[in-house]
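Letter by letter, the chains look like this.
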2 protein chains.
Amino acid sequence: VPVILDAKRGDIGSTATNYAIEAFDRYGADAVTVNPYLGHDAVQPFLDRVDRGVFLLCRTSNPGARDLQDVTVRTGEQIERRLYEHVAHTVAHAWNAHGNCGLVVGATYPGELAEVRAIAGDLPLRLPGVGIQGADVVEAVRRGTTSDGTGLIVSSSRAILTASRRHDFAQAARARVAALRDEINAHRR
Amino acid sequence: VPVILDAKRGDIGSTATNYAIEAFDRYGADAVTVNPYLGHDAVQPFLDRVDRGVFLLCRTSNPGARDLQDVTVRTGEQIERRLYEHVAHTVAHAWNAHGNCGLVVGATYPGELAEVRAIAGDLPLRLPGVGIQGADVVEAVRRGTTSDGTGLIVSSSRAILTASRRHDFAQAARARVAALRDEINAHRR
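Residues numbered from 1 in each chain as written. Chains lettered and ligands numbered in written order. Predicted model: local features only at pLDDT ≥ 70, side-chain atom pairs only at ≥ 80, totals over all residues. Heavy atoms only, no water.

Concerning the relation of the copies chain A and chain B
- At an RMSD of 0.0 Å, chain A and chain B line up after a rotation of 180° and a shift of 0.0 Å along the axis. Given the turn and translation reported, the copies of this chain are related as if by a two-fold rotation axis. Scanning chain A for the C-alpha nearest the rotation axis identifies Val73(A), at a separation of 2.1 Å.
- When the interface residues of chain A are mapped onto chain B, 100% of them are again interface residues, pointing to one common binding face. (Least-squares fit on C-alpha atoms with pLDDT ≥ 70 in both. Contact = heavy atoms within 4.5 Å.)

This is the structure in structure tokens:
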């Protein structure tokens with residue numbers, strides 16, 4: 001079972017180097033989520049671990065995602081984009097030199113998810129927002145998958161953790177996971 | 001001695017609520033640094049603690065600060081700004097309702113520091129970058145202080161931690177701190 005440490009790290013290079021050691025060596029994670037706000041050198045120590053994955057926050061699942069991620073930015077090429085589209089473009093075309101990048105895009109925003117998919121090619125997208133946060137998983141799968149029907153890691157946390165408060169927790173949690181898996185697979189292209 | 005937990009948190013509201021409890025109740029910090037990328041609801045649980053401080057990352061001290069924080073953004077009022085200026089404006093005019101916000105601005109970039117000061121009024125600015133990162137503390141004090149010569153929290157970490165490897169560490173570290181303090185005070189307006 002691959003482990004993604006959803007730590008949303010974001011710090012200057014010297015600290016990032018130790019956060020990468022923490023995530024990959026101490027905790028043995030296969031991938032980690034990282035905040036892009038501090039720029040390339042803050043992400044580099046994670047990117048350098050070519051056998052591990054780095055999921056950059058792009059368009060997050062929460063209501064406040066609009067506040068900063070949706071501002072219109074004008075890049076050097078005089079192209080206007082939303083900030084999250086600029087992040088998707090930067091990760092896909094500059095930071096993914098080792099082919100170990102992915103993006104975090106909330107399943108709660110299927111329109112933005114489709115736009116990120118259009119920019120990011122076949123980059124893996126991690127989709128929080130399903131379950132307690134209320135995203136429509138069918139819509140997210142339809143709009144977020146690659147042309148061959150893959151490329152998504154759909155994340156549900158609290159809905160699984162709260163499946164039962166009783167002795168049947170393991171069975172109840174397993175049933176919720178299986179139901180979600182079946183719903184996803186039924187709607188893949 | 002006030003304690004600022006430089007944890008650079010940034011996560012959705014439910015997680016941020018627990019990060020605020022961790023910072024302020026478990027660790028007893030007086031203030032915490034927070035990444036603004038996720039937007040207002042991800043910062044709200046920290047802001048709600050009206051007796052504690054919240055320092056939002058604005059223009060960080062590292063080389064990669066340019067990558068995202070310097071992109072030109074066009075806001076609703078058709079004003080063009082850099083992203084870090086937009087963050088400074090947002091924090092000063094929207095997120096600081098309880099008067100408990102500050103900004104993190106690298107002392108390594110005195111020009112940008114002066115711009116943030118012009119936008120942020122008398123907001124406290126936390127200045128990393130002095131010491132190992134090589135910032136000119138005199139220039140930072142000249143350009144970052146408020147009109148009454150205050151408003152800065154100058155941070156030096158590794159230069160103090162590495163003051164000595166021997167038994168005289170406590171004295172050596174204290175001497176470095178005192179020298180930095182005196183240099184700061186000598187150049188306050």
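Brief notes about the environment of Val141(A)
Residues and elements named next belong to chain A.
- Within the secondary structure, Val141 is located in helix H6 (residues 137-144).
- Taking the C-alpha atoms as reference, Val141 lies 6.6 Å from His187; in sequence the two are 46 residues apart.
- Excluding its chain neighbours within four sequence positions, the residues that come into contact with Val141 are Leu152, Ile184, His187 and Arg188. (Helix = DSSP H or I, 4+ residues; strand = E, 2+ residues; numbered from the N terminus.)

Here's the deal with the sheet that holds strand S4 (residues 72-74) of chain B
- Pairing in this open sheet of four strands is antiparallel, and the strands run S5(A)-S4(A)-S4(B)-S5(B) from one edge to the other. On the outer flanks of this sheet lie strand S5 (80-82) of chain A together with strand S5 (80-82) of chain B, each paired with one strand and no other. The sheet shows a mean angle of 40° between the axes of neighbouring strands, direction not considered.
- Pairing of strand S4 (residues 72-74) of chain A with S4(B), which is carried by three bridges, proceeds in the antiparallel orientation. When the sheet's bridge partners are listed, Val73(A) is paired in S4(B) with Val73(B).
- Of the strands in this sheet, S4 and S5 of chain A are in contact with helix H4 (residues 83-95) of chain A, which crosses S5(A) at around 95°.
- Together, S4 and S5 of chain B form the strand contacts of helix H4 (residues 83-95) of chain B, whose direction differs from that of S5(B) by roughly 95°. (Pairing = 2+ DSSP bridges. Axes fitted to C-alpha atoms, helices over the stretch in contact; angles between N-to-C directions.)

Quick notes on the environment of Arg176(B)
Residues and elements named next belong to chain B.
- Residue position: Arg176 is located in helix H8 (residues 169-186).
- Arg176 sits in the partly exposed class, given a relative accessible area of 38%.
- Separated by 15 residues in sequence, Arg176 and Leu161 have C-alpha atoms that sit 9.8 Å apart.
- The residues contacting Arg176, other than those within four sequence positions of it, are Ala159, Ile160, Thr162 and Ala163. (Buried < 20%, exposed > 50% of the residue type's maximum accessible area, 1.4 Å probe, protein only.)

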